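Structure assessment
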Amino acid sequence: MVTHVPAEATGDERGALLSFVEAQRGAIRRSLIGLTEEQAASRPSASELSLSGLLKHVAETELNWLRMAQQRPNEAARTEETWADSFRLVGDETVQRMLEFWDGIAAEVEKFIRSVPSMDDTFPLPEAPWFPKGERCSMRWLLVHLVEEIARHAGHADIIRESLDGRTAFELVAEAARYADQS
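These lines cover the structure that appears in this document, whether it is placed above or below. (Residues numbered from 1 in each chain as written. Predicted model: local features only at pLDDT ≥ 70, side-chain atom pairs only at ≥ 80, totals over all residues. Heavy atoms only, no water.)

**Observations regarding the overall build of the protein chain**
What the protein chain contains, in helices and strands, is six helices and two strands. Each helix and strand of the protein chain, ordered N terminal to C terminal, gives the series α-α-α-α-β-β-α-α. For the protein chain, whose C-alpha radius of gyration is 17 Å, the value lies close to the compact-globule estimate of 16 Å for 183 residues. Taking the principal axes of its C-alpha atoms as reference, the protein chain extends roughly 45 × 45 × 25 Å. Out of the 183 residues in the protein chain, the part that is buried amounts to 41%. Looking at the protein chain alone, contacts between residues at least 24 apart form 71% of all its contacts between residues at least 6 apart. The centroid of the 20 positive side-chain charges in the protein chain is displaced by 2 Å from the centroid of its 31 negative side-chain charges. (Helix = DSSP H or I, 4+ residues; strand = E, 2+ residues; numbered from the N terminus. Rg over C-alpha atoms; globule rule 2.2 N^0.38 Å. Buried < 20%, exposed > 50% of the residue type's maximum accessible area, 1.4 Å probe, protein only. Contact = heavy atoms within 4.5 Å. Lys, Arg positive; Asp, Glu negative; His and termini not counted. Charge placed at Lys NZ, Arg CZ, Asp CG, Glu CD.)

**Comments concerning the nonpolar core**
Counting 42 residues, the largest nonpolar core has Ile 113, Phe 123, Met 139 and Leu 143 as its most contacted members. Listing elements by their share of this core, those giving two or more residues are α1 (13-30), α3 (51-70), α4 (95-115) and α5 (139-165). Tallying contributions element by element places α3 first for this core, with 10 residues. Excluding residues within four positions of it along the chain, Phe 123 makes contact with Trp 65, Met 68, Ala 69, Gln 71, Glu 135, Arg 136, Cys 137, Ser 138, Met 139 and Leu 142. (Core = buried A, V, L, I, M, F, W, Y, C linked by side-chain atoms within 4.5 Å.)

**Brief notes about the packing of α4 against α5**
Where α4 meets α5, the closest approach of the two axes is 11 Å, and the angle between their N-to-C directions is 155 degrees. In this view, α4 runs roughly antiparallel relative to α5, as classed from their interaxial angle. At the point where α4 passes α5, the crossing takes the left-handed sense. Every residue of α5 that contacts α4 at Trp 102, Val 109, Phe 112 and Ile 113 is listed here: Met 139, Leu 142, Leu 143 and Ile 150. Its residues assigned to classes, the contact of α4 with α5 shows eight nonpolar, no polar and no charged. (Axes fitted to C-alpha atoms, helices over the stretch in contact; angles between N-to-C directions. Parallel < 35°, antiparallel > 145°, perpendicular 65-115°, else oblique. Left-handed = near helix turned anticlockwise from the far one by under 90°. Nonpolar A, V, L, I, M, F, W, Y, C, P; charged D, E, K, R; others polar.)

**Quick word on the pattern of salt bridges**
Taken as a whole, this structure holds 17 salt bridges when the rule is applied. The residue Arg 29 makes a salt bridge to Glu 22 at a minimum N-O spacing of 2.6 Å. Linking Arg 72 and Glu 108 is a salt bridge whose minimum nitrogen-to-oxygen distance equals 3.7 Å. Linking Arg 72 in the loop between α3 and α4 with Glu 108 in helix α4, this pair joins segments that are 36 residues apart in sequence. Connected through shared salt-bridge partners, Glu 22, Arg 25, Arg 29, Glu 62 and Asp 103 make up one network. (Salt bridge = Lys/Arg side-chain N within 4 Å of Asp/Glu carboxyl O.)

**Quick look at α4**
Over its 21 residues, α4 extends 30 Å from the first C-alpha to the last, a length consistent with the 30 Å expected when each residue adds 1.5 Å. Elements that come into contact with the buried residues of α4 comprise α1, α2 (37-41), α3 and α5. (Expected span 1.5 Å × (residues − 1).)

**Observations regarding the environment of Arg 29**
Within the secondary structure layout, Arg 29 lies in helix α1. Sequence spacing of Arg 29 and Glu 171 is 142 residues, and the spatial spacing of their C-alpha atoms is 13 Å. Leave out the neighbours within four places in its chain, and Arg 29 touches Glu 22, Leu 99, Trp 102, Asp 103 and Ala 106.

**Brief notes about the packing of aromatic side chains**
This structure, assessed with the given rule, holds five aromatic pairs. Summarising the aromatic geometry, the rings of Trp 65 and Trp 141 are spaced 5.4 Å apart at their centres and angled 55 degrees between planes, so their arrangement reads as tilted. Separated by 76 residues along the polypeptide, Trp 65 in helix α3 and Trp 141 in helix α5 bring together distant segments of the chain. Taking relative accessible area as the criterion, Trp 141 reaches 36% and is therefore assigned partly exposed. Ring geometry for Trp 130 and Phe 131: centres 6.3 Å apart, planes at 65 degrees, overall edge-to-face. In textbook terms, an aromatic cluster arises when at least three aromatic residues are bridged by ring pairs, as seen for Trp 65, Phe 123, Trp 130, Phe 131 and Trp 141. (Phe/Tyr/Trp six-rings, centres within 6.5 Å; stacked < 30°, edge-to-face > 60°.)

Shown next as structure tokens:
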């Protein structure tokens, strides 16, 4: 992440954590500036990762964590057979549609987090070999984990983008700022 996250109002833990999540989202979004669908789907290294695939994966991952916190079924849940599709656009999916999908999830996360009575409220983790049995997580933990998850993939995105055309995260921050100033 190469942008500064502004200080929150005194004691606004929710706002601070949501701002850090949004900063990491921005890094993924910026990695796609000016690319064609083909460039965004390309894999310029030995990795299976592409920028459009990372975009889809982080959007679906954020939705999955939101649904766990809400204790609701995930309408986009993956199975072992469809797991690979969470890392690539399929059918009529496009970068623009995936950005819009993620924007909706981001708005829903913010609305949900601002509505919970306490950041100490918890939700159960599902039964899975990678989760401790009977573990519960707080809303605070959820947001910190989203920062971690998205930041990890934002780093991947930085490397992929630089491999595609030499553009660095710093250059893309400046370009995004120019677009924002023109709007």
